[in-house]
Amino acid sequence: MTVEAIFDVVASSADDIRGSLTGRRTYAEEQNPSGEQQLAADVHADQLLEERLLALDSVGAYASEERDEVITDGDGWSVAVDPLDGSSNVKSNNAMGTVLGVYDAELPAPGRSLIAAAYVLYGPLTTMMTAHDGTVTEYVVEDGERQPVRENVTLPNDPVVYGFGGRVPEWPDDFSGFVSSVEQELKLRYGGAMIADVNQIMTYGGVFAYPALESHPDGKLRLLFEGAPIGYIVETAGGRSSDGARSLLDVTSSSLHQRVPVHVGNPEYITRLEEALHDDS
Ligand SMILES: O=P(O)(O)OC[C@H]1O[C@](O)(COP(=O)(O)O)[C@@H](O)[C@@H]1O
Ligand SMILES: [Mg+2]
Ligand SMILES: [Mg+2]
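Now for a quick tour of the structure. (Residues numbered from 1 in each chain as written. Chains lettered and ligands numbered in written order. Predicted model: local features only at pLDDT ≥ 70, side-chain atom pairs only at ≥ 80, totals over all residues. Heavy atoms only, no water.)

## Notes on the pattern of salt bridges
Close approach of charged atoms lets side chains of opposite charge pair. Throughout the structure, instances matching the rule amount to 14 salt bridges. Asp46 serves as the salt-bridge partner of Arg67, at 2.9 Å between the closest nitrogen and oxygen. Here Arg67, found in the loop between strand E3 (59-64) and strand E4 (71-72), pairs with Asp46, found in helix H2 (residues 40-54); they are 21 residues apart in sequence, far enough to count as distant. In this structure, Arg67 and Asp46 share a single accessibility class: buried. Two residues, Glu226 and Arg222, come together in a salt bridge whose shortest N-O distance is 3.1 Å. Just as Glu226 is buried, Arg222 falls in that class too. Shared partners join several salt bridges into a network, and the residues in it are Glu36, Glu65, Arg222, Glu226 and Arg259. (Salt bridge = Lys/Arg side-chain N within 4 Å of Asp/Glu carboxyl O. Helix = DSSP H or I, 4+ residues; strand = E, 2+ residues; numbered from the N terminus. Buried < 20%, exposed > 50% of the residue type's maximum accessible area, 1.4 Å probe, protein only.)

## Some details on the coordination of the magnesium ion (ligand 2)
Geometry reference: four tetrahedral donors at a metal, ideal angle 109.5 degrees. Six octahedral donors, ideal angles 90 or 180 degrees. Here the magnesium ion (ligand 2) is held by Asp82 (OD), Asp85 (OD) and Glu226 (OE), and the distances to it run 1.8 to 2.1 Å. Expressed as a motif, the donor residue spacing for the magnesium ion (ligand 2) is D-x2-D-x140-E. A separation of 3.8 Å is found between the magnesium ion (ligand 2) and the magnesium ion (ligand 3), which share Asp82 as a coordinating residue. Remark: Glu226 occurs in helix H6 (residues 223-236) and Asp82 occurs in strand E5 (residues 77-85); sequence separation between them is 144 residues. One exposure class covers both Asp82 and Glu226, and it is buried. (Donors = N, O, S within 2.8 Å, 3.2 Å for Na, K, Ca; no water.)

Below, the structure is given as C-alpha cells:
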C-alpha cells in the first residue's frame, strides 16, 4: 500500500486528461455540487480518475468537486480530487491543473489527516508536484512517466510574485490594505487557475490568495479538494497557508463541498496577511 502508486496513477492519467481536451471545451448538461456549470472536460477527467484510483487496493474512497457524494470501494485511504482546476481556461487555451489530497480518514476530514497531496500542471510542459513524508518533489511527466526535475523543493527565500483572485471591488478593506503593500514589493502573476498560480509561488516565491469576498465570505475555493491539499504542499515546502486566521490544515471540515478563503506563500507574507486581517486598530 503506497502513496507512490497513487501518484503513478495520476501521472499516467495526465496525458489522457490532456489528450482528451480537444473536443471537450463545451459545457456539459449538468452543474457541479458547487453550482458551477461543468465542462465536458471536467466530467471526463473525473470519470477517468475515479475508475483508476478506486482500482488501487490502497484507495477506499473517491470524492471530487464534480460529484455530490463520496464513492466508496472497500478499505483504504480517501482521495479527494479536483480533476480539472481552472477549467474555464480550457476555452481560452491557458494553463490548468489536477489536484488531489490523500486523507487517512473518512471524508469530510480535516487537512491534518492528509498523508500526501499532489498536483499536475498542464502548461507548455506537463509537470507534477508531490508532497509526502515531509518532502516536495517536482517531476516532468512524459508518456505517462514522471521524471524528477527538482528534489526537496522549498519556496525561494527571496519572494518575487503575487496573484490574488476575485473581483477587486469585492475584496474586504483589510485585504485591500494588505494588497497595497504587497504591490509595492512583488510582481503580479495571475492566470485564473489556482494550480498554475500556486506553481508560480512554488517556483519564484511570493503569495497567492483567493480571499474572502464581500459577497462570499468563504471565498470560492473548496477546502477538501483545493485549499487543504495546496496548503499541505506549500507547508511541506516550508511555506505557510491560512484561511485568514489559522493554517488551512486546521480548518474544521464539516461538509464535502465547503469553501474556504485560501492564502498560501512565503511565511512572512502569510504572517503579514493574518496581522492585516486581524488588526482592529
Ligand atoms: O475566475 P476567478 O473568479 O478568478 O476564479 C479563479 C479560481 O477558480 C478556479 O478556477 C476554481 O477551480 P475550478 O476550475 O476547479 O472550479 C481556481 O482554479 C481559480 O483560482
Ligand atoms: Mg479548482
Ligand atoms: Mg475543477
